[in-house]
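What follows is each chain in one-letter form.
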Amino acid sequence: MSMQSSTEPTSAATSLTAMPEDQALKARHAAMWASGNYPAVADEVVGSLGRILVGTLEVQSGQRVLDVAAGTGTAALPAARQGAHVTATDLTPELLDVGRAEATAEGLELTWQTADAESLPFADATFDVVLSCIGVMFAPHHQQAADELLRVCRPGGTVGVLSWTPEGFIGQMFATMKPYAPSPPAGASPAPLWGRADHVRSLLGERVTDLVARQQTLRVNRFSDGIEFRDFFKINYGPTIAVYRFLGDDASRMAALDADLAALGDRFLREGAMDWEYLLITATHV
Ligand SMILES: C[S@@+](CC[C@H](N)C(=O)[O-])C[C@H]1O[C@@H](n2cnc3c(N)ncnc32)[C@H](O)[C@@H]1O
């Protein structure tokens, strides 16, 4: 008989996430996402994606729903409004606190729990729906995270993942920042790969059926020019803040990144709006 308890992550997940280097990496990631003001990014720019994901999945009253890398609950809260029993997990407790306060103000009951997407603290097959909105893509070990999404989803349950594509605006923002950023840690995969349908198909493999991949865009009209976009992200968005911090006091590299990000914003603006591409995958767990 296996020594692996069904209330714990798989042994592969446990051994990876128990390593001190991995714990240090996740602590750095949590601090990065807590920096700036991600709630403002969610409120003013990307928050509608959670409703789109929940609507596409047709979340029903009474379903047990897990939101992985939930942040402030942009998907968890709409699922709870549908009457689902929702658990919202994230690496960054500061973001869960914002969602918890919003739920309390609205009289919604959800469970908010700090957790690494690569080592979810739930028994096998606990949830009817496991979803993640521009969230699990940021866990560095893609296969590990995909295995965990499937492990906690019951057979016949649904998995839904919404991710920025590499070619879309946020994918291109990460590509623009890459030459200015530190080398990624060994074994980490780039976040926007979750925006490729073939990558997600291979992560989920034969363990799902009825996989549907929808390439869609989010219309963003929050920024009137590239400089306004750049300055908003420089102040509020953890990954952008981290790259500027890495440049320290190298004024010429900072000026070059400033120019590149503003140019990227201008390239995507058409008549005061941008279309940010994402991939929305739904699948049934066999
Ligand atoms: C772009 S935000 C998305 C938050 C929210 N789902 C939304 O739609 O606004 C990315 C989130 O992933 C979380 N995250 C990053 N790495 C994670 C990991 N290994 N496990 C769980 N959450 C993680 C961050 O803390 C952050 O809340």
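Residues numbered from 1 in each chain as written. Predicted model: local features only at pLDDT ≥ 70, side-chain atom pairs only at ≥ 80, totals over all residues. Heavy atoms only, no water.

Engineer: Go over the overall build of the chain with me, naming the residues and quoting the values.
Structural biologist: Of regular secondary structure, the chain possesses twelve helices and seven strands. Rg of the C-alpha trace for the chain: 18 Å, near the compact-globule value of 19 Å for 286 residues, within the 12% margin. By its C-alpha atoms, the chain is 60 × 40 × 35 Å across when sized along the principal axes. The proportion of buried residues among the 286 residues of the chain is 51%. Summed over all atoms, the accessible surface of the chain reaches about 12500 Å², with 52% contributed by carbon and sulfur. In the chain, which carries 21 positive and 34 negative side-chain charges, the distance between the mean positions of the two groups comes to 3 Å. (Helix = DSSP H or I, 4+ residues; strand = E, 2+ residues; numbered from the N terminus. Rg over C-alpha atoms; globule rule 2.2 N^0.38 Å. Buried < 20%, exposed > 50% of the residue type's maximum accessible area, 1.4 Å probe, protein only. Areas by Shrake-Rupley, 256 points an atom, 1.4 Å probe, with all protein chains shown as cover. Lys, Arg positive; Asp, Glu negative; His and termini not counted. Charge placed at Lys NZ, Arg CZ, Asp CG, Glu CD.)

Engineer: Lay out the layout of surface pockets with the relevant residues and their values.
Structural biologist: Of the voids in this model, the largest pocket is the one considered here, and its volume is about 1100 Å³. If you go around the largest pocket, you meet 33 residues; those closest to its centre are Phe174, Ala181, Pro182, Pro184 and Pro185. Every element with two or more residues in the lining of the largest pocket is listed here: α2 (20-34), α8 (169-177) and α11 (238-247). Its residues assigned to classes, the lining of the largest pocket comprises 23 nonpolar, six polar and four charged. (1 Å grid on protein atoms, 1.4 Å probe; cavity = no way out; pocket = protein on both sides within 12 Å on 5 of 7 lines; lining within 4 Å. Points joined across faces, edges and corners; volume = space filled by probe spheres on them. Nonpolar A, V, L, I, M, F, W, Y, C, P; charged D, E, K, R; others polar.)

Engineer: Just give me the short version of the site of the ligand, but keep the residues and values in it.
Structural biologist: Taken together, 18 residues surround the ligand, and among them Tyr38, Thr74, Asp90, Thr92 and Cys133 come closest. Within the side chain of Asp90, one N or O atom sits 2.5 Å away from an oxygen atom of the ligand. Note that a nitrogen atom of the ligand is positioned 2.8 Å from one of the backbone N or O atoms of Ala117. Its free accessible area being 590 Å², the ligand has 99% of it covered by the protein chains. Among the detected pockets, the ligand sits in the largest cavity. (Near = heavy atom within 4 Å. Polar contact = N/O pair within 3.5 Å; in protein donor to acceptor, adjacent residues only side chain to side chain. Sits in = over half its atoms within 2 Å of the grid points.)

Engineer: Mind laying out the sheet that holds strand β6 (residues 208-220), listing which residues take part and the relevant values?
Structural biologist: Judged by pairing direction, the sheet is mixed, and its seven strands sit side by side in the order β3-β2-β1-β4-β5-β7-β6 without closing on themselves. In the strand order of this sheet, the two ends are held by β3 (111-114) and β6, each with one partner. Put simply, the sheet's adjacent strands are angled 15 degrees from each other on average, direction ignored. Looking at chain direction, strand β4 (residues 127-133) and strand β5 (residues 153-164) are connected through six bridges and run parallel. When the sheet's bridge partners are listed, Cys133 is paired in β5 with Leu162. Across the sheet, helix α7 (residues 142-151) is in contact with β4, β5, β6 and β7 (274-285); its angle to β5 comes to roughly 140 degrees. (Pairing = 2+ DSSP bridges. Axes fitted to C-alpha atoms, helices over the stretch in contact; angles between N-to-C directions. Contact = heavy atoms within 4.5 Å.)

Engineer: Now, about the packing of α11 against helix α12 (residues 251-268): what can you tell me, with residues and values included?
Structural biologist: It is the contact of α11 with α12, at a shortest axis distance of 9 Å, that shows an interaxial angle of 155 degrees. One way to sum up the angle between α11 and α12 is to call them roughly antiparallel. For the element pair α11 and α12, the recorded crossing hand is right-handed. Across the interface between the two elements, Thr240, Val243, Tyr244 and Leu247 of α11 pack against Arg253, Met254, Leu257, Asp258 and Leu261 of α12. (Parallel < 35°, antiparallel > 145°, perpendicular 65-115°, else oblique. Left-handed = near helix turned anticlockwise from the far one by under 90°.)

Engineer: Could you give an account of the environment of Val86, with specific residues and numbers?
Structural biologist: Counting through the fold element by element, Val86 comes out in strand β2 (residues 85-90). Among the residues examined, Val86 registers a relative accessible area of 3% and is labelled buried. Beyond its immediate chain neighbours, meaning those up to four positions away, Val86 contacts Val65, Ala76, Ala79, Ala80, Leu110 and Thr111.

Engineer: Quick one: what's the story with helix α4 (residues 48-57), residue by residue and with numbers?
Structural biologist: In an α-helix, one full turn covers 3.6 residues, which means residues spaced three or four apart are oriented alike. Residues of α4 that are buried include every one of Leu49, Gly50, Leu53, Val54 and Leu57, and no others. Down the axis, α4 shows its buried residues gathered within 135 degrees of arc, on one side only. Residues of α4 that are buried sit in contact with α3 (38-46), α5 (76-81), β4, β5, β6 and β7. Looking one or two places after α4, you find Glu58, whose phi comes out positive at around 50 degrees. (Arc of directions from axis to C-beta.)

Engineer: Provide a residue-level description of the packing of α7 against helix α9 (residues 197-204), including the pertinent values.
Structural biologist: Taken N-terminus to C-terminus, the directions of α7 and α9 make an angle of 60 degrees; their axes are 9 Å apart at the nearest point. Comparing the axis directions of α7 and α9 gives the class oblique. Here the hand of the crossing between α7 and α9 comes out right-handed. Across the interface between the two elements, His142, Gln143, Ala146 and Leu150 from α7 touch His199, Ser202, Leu203 and Leu204 from α9. Of the residues assigned to the contact of α7 with α9, the class counts are four nonpolar, four polar and no charged.

Engineer: So what's going on with the pairing of β7? Residues and values would help.
Structural biologist: With ten of twelve residues buried, β7 is to be regarded as a mostly interior element. Taken together, the seven bridges between β5 and β7 define a ladder with antiparallel strand orientation. The partner of Ser163 across the bridge, within β7, is Leu279. One ladder, built from eleven bridges, connects β6 with β7; its direction is antiparallel. Its bridge partner being in β7, Ala213 is matched across the sheet by Ile281.

Honestly, that's just the spatial picture; any functional story needs more than this.
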